[in-house]
Amino acid sequence: MAQYQDAQRISFSKAEESRLRQMFNRWAASVEGYNRPTLGNELKIVEVWNAPLYRGVLKTQYDARTLNDTFERISGRTFANTTYFKESDINRWSLYPYPTVFTSHESTHPVSGTEHIVNCHTCGATGKVTCAKCGGKGTVKRAIQTKHTCPSCKGYRHISYTYTTSEFEQYKDYNDGGKLKGRYVNKQKTGTKTCPTCNGSGSITHTTYVDEPCKTCGATGKVTCSMCGGDKRIVSLWKLARKQYTRSVWDYRFPSLIGRSDAAKMVKLIDNSTPWRVVERIRIDKENYQAAGLSARPFVGGMLSALPSRIARPANTAICFHELEVCECEARIVKYEVDHQQFICMLVGAEWKLFTVTSPMSKSMDDLKTKVNRYCSARKFGKAWEVLQKVNKYPQAGSNEARMQEQLEERMVITSKLGANLAVMLCVVFLSPLLTVLYGDLQFLAPWSVRLIERFDVGTGGLMFLSLVLILYFGLRGRKSAMPKFSYRVASPLRRFGRGFVVGVGRFMLFAVAAIALTYIGIIPIAFKLFWIALTIVVMGIMFVAWIIQSIVGLFT
């Protein structure tokens, strides 16, 4: 085929120029926040080039084949004479044909002529192996534990001990006129400590072991061999594992007028809707890729440099065939001028799909980013978020801008959450008298709930306390995902606080109705009783730990 063209300067007709201006007007008007909807009427066309795009893909089909020496049970089968015994005797590439179309598949095939019967190597041709449960003894030990009263503390968990302490005391020295003097005197004292023999349990455990027949092997010490199933002999054969797969290498060629960084952006914008036309398709069989002389062709030799000039072949893998496809896409490059600055756009396909490589919108976007940074420095996160929304509507906006908007919203939701929490707490304060009247005077309870309350001895205060705790817990919990977007997606902090307050009132009403309903049907009384039991256990545990600490401190003092 002919050499591919890079770029040729052409001229636009009046109709084409008018069409381009209309496309720019529609594009500028579609970007919300951009203040030049008639950009197409303002621009000046400087130069136009016919500069097609090229795409190359090299697809290779592989067939990996691995031989594995395996073993199987005989299961009553008979086999013909063995032809192959060693891996080197088997030609893995002649057993099955190579695929002729691209495919991805894995399979395993026994190699005919390699089957032969051998003695089982697992059991030594005995059909039995040592029992793993008893280790071949035929018996297993069973532990029997018995508890006895601790001989040291007699079951009281503590023992007495005597220790000497030095104490200061005063006395009158009559030899010195009855003056009051002081001295240190050693005194014997008695204390208690945790019994070291039983560690404070009051009892000691004795463990004895008795032999019992092994149930796995029936006390014989042997079990049937899992490899041969008791046949004493097995079938040895080779199996061929095949893995067929494809690998593709892609590359694009953009006109030299497009910079490298802009070309990388264009690759991301190109999709399946781009009208590619196949201009050359070459099929290369097996290992002949290097001998095909592709390096002399323009697309491999220089234009599509990412396509390899040599194909690597992994071990035990055959290359079945290659397919090299080169596609062309009609495109034009337009250099235009706005406000004495030059920019570039591309018109892709006969229907002209517009790609703005560089545009005046980039300058507007940079100005908005500067304003966002200024607002963030002044901690005006609402205004920064409002400007950043405009930035993210620009086609040039990326993941960094989207992530920054999310971070700003996480800050803004704090104000909304504060209003919601304040609303819940204020409503709880006003609800307390109502619950006292509802549970106490009006007895708004089901008949079975009244019986539960009488049986558990739960008062009105307990019901009201647990109801308010549940309302506060469910009303105040939750992260950003728990707040509706309308409550924090406004620039004004006061409005965010007010909307959050409304959300808090709504949540309080929902959870208050749920708490009253749970009290009516008797769930709250049961929960309060369980809460009281758990609290008692915790307090007793704390007291027990405090007592242990006090005992340890007394032991070392």
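These remarks concern the structure in this document. As the structure is a computational prediction, the values presented were derived from the model and not from experiment.

1. Some thoughts on the nonpolar core
Then step 1. The biggest cluster of nonpolar side chains holds 21 residues, and the ones touching the most others in it are Phe 12, Leu 20, Phe 24, Val 334 and Leu 347.
Then step 2. Broken down by secondary-structure element, the contributors of at least two residues to this core are α1 (14–30), β2 (44–50), β15 (331–338) and β16 (341–348).
Then step 3. If one sorts the elements of this core by residue count, α1 sits on top with 5 residues.

2. Comments concerning helix α11 (residues 523–555)
Note on helix geometry: an α-helix contains 3.6 residues per turn, so any two residues three or four positions apart are oriented the same way.
Then step 1. Here α11 spans 48 Å end to end across 33 residues, near enough to the 48 Å set by a 1.5 Å rise per residue.
Then step 2. Every buried residue of α11 is accounted for by Ile 524, Pro 525 and Phe 528.

3. Points about the pairing of strand β17 (residues 353–356)
Then step 1. Of the pairings in the sheet, the one linking β16 to β17 comprises 4 bridges and is antiparallel in character. By the bridge assignment, Cys 345 is partnered in β17 with Thr 356.
Then step 2. What sits between β16 and β17 in their antiparallel hairpin is a turn of 4 residues, with Gly 349 showing a positive phi close to 85°.

4. Thoughts on helix α10 (residues 493–520)
Then step 1. With 28 residues, α10 extends 40 Å from end C-alpha to end C-alpha; this agrees with the ideal 40 Å at 1.5 Å per step.
Then step 2. Considered for burial, the residues of α10 that qualify are Arg 496, Gly 500, Val 503, Gly 504, Arg 507, Phe 508, Ala 512, Ala 515, Ile 516 and Thr 519.
Then step 3. Remark: Gly 522 follows α10 within two positions and exhibits a positive phi of approximately 100°.

5. A word on the sheet that holds strand β1 (residues 8–10)
Either a parallel or an antiparallel arrangement is found when strands of a sheet pair, and the pairing is made through backbone hydrogen bonds.
Then step 1. Strand order across the open sheet formed by 5 strands is β1-β2-β15-β16-β17, with antiparallel pairing between neighbours. Looking at strand neighbours, the two that pair on one side only are β1 and β17, the edges of this open sheet. Neighbour-to-neighbour, the strand axes of the sheet open up by a mean angle of 30°, direction not taken into account.
Then step 2. Lying over the sheet, α1 contacts β2, β15, β16 and β17, oriented at roughly 65° with respect to β17.

6. Examining the side chain of Glu 47
Then step 1. One can find Glu 47 in strand β2.
Then step 2. A distance of 2.9 Å separates a polar atom in the side chain of Glu 47 from a polar atom in the side chain of Arg 9.
Then step 3. Apart from the residues within four sequence positions on either side, Glu 47 is in contact with Arg 9, Ile 333, Val 334 and Lys 335.

7. Observations regarding the side chain of Arg 21
Then step 1. Note on placement: Arg 21 falls in helix α1.
Then step 2. Its relative accessible area of 18% is what places Arg 21 among the buried residues.
Then step 3. Only 3.0 Å separates the side chain of Arg 21 from the side chain of Glu 17, close enough to count as a polar contact.
Then step 4. Non-local contacts of Arg 21, meaning those with residues more than four positions away in its chain, are made with Gly 40, Asn 41 and Leu 43.

8. Remarks on the pattern of salt bridges
Where charged atoms from two side chains of opposite charge come close, those side chains can pair.
Then step 1. Under the counting rule described, the total for this entry stands at 15 salt bridges.
Then step 2. In this structure, Glu 325 engages Arg 281 in a salt bridge whose closest nitrogen and oxygen atoms are separated by 2.5 Å. Within this pair, whereas Glu 325 is found in strand β14 (residues 317–329), its partner Arg 281 is found in strand β13 (residues 277–285), the two being separated by 44 residues in sequence.
Then step 3. Judged by relative accessible area, Glu 325 falls into the buried class, the value being 16%.
Then step 4. Its salt-bridge partner being Asp 285, residue Arg 283 comes within 3.8 Å of it at the nearest N-O pair.

9. Structural notes on the environment of Thr 122
Then step 1. Looking at the secondary structure, you find Thr 122 in the loop between β5 (116–119) and β6 (128–130).
Then step 2. Placed 110 residues apart in sequence, Thr 122 and Lys 232 show a C-alpha to C-alpha distance of 9.2 Å.
Then step 3. Residues within four places of Thr 122 in sequence aside, it is in contact with Val 129, Cys 225 and Met 227.

10. Quick word on unusual backbone geometry
Then step 1. For Lys 154, which is not glycine, the phi torsion reads 55° and is therefore positive.
Then step 2. With respect to the secondary-structure elements, Lys 154 resides in the loop between β7 (139–149) and β8 (158–173).
Then step 3. On the basis of relative accessible area, Lys 154 is assigned to the exposed category, the value being 58%.

11. Quick notes on the pairing of β15
Then step 1. Across the 8 residues that make up β15, a large majority, 6, are buried.
Then step 2. Two strands pair when backbone bridges link them, and β2 and β15 are joined in this way by 6 bridges, in the antiparallel orientation. Bridge pairing links Asn 50 to Arg 332 in β15.
Then step 3. In this sheet, β16 lies alongside β15 in antiparallel orientation, the contact comprising 8 bridges. Following the sheet pairing, Tyr 336 is matched in β16 by Phe 343.

What counts, and at which threshold
- Residues numbered from 1 in each chain as written.
- Predicted model: local features only at pLDDT ≥ 70, side-chain atom pairs only at ≥ 80, totals over all residues.
- Heavy atoms only, no water.
- Core = buried A, V, L, I, M, F, W, Y, C linked by side-chain atoms within 4.5 Å.
- Buried < 20%, exposed > 50% of the residue type's maximum accessible area, 1.4 Å probe, protein only.
- Helix = DSSP H or I, 4+ residues; strand = E, 2+ residues; numbered from the N terminus.
- Expected span 1.5 Å × (residues − 1).
- Pairing = 2+ DSSP bridges.
- Axes fitted to C-alpha atoms, helices over the stretch in contact; angles between N-to-C directions.
- Contact = heavy atoms within 4.5 Å.
- Polar contact = N/O pair within 3.5 Å; in protein donor to acceptor, adjacent residues only side chain to side chain.
- Salt bridge = Lys/Arg side-chain N within 4 Å of Asp/Glu carboxyl O.

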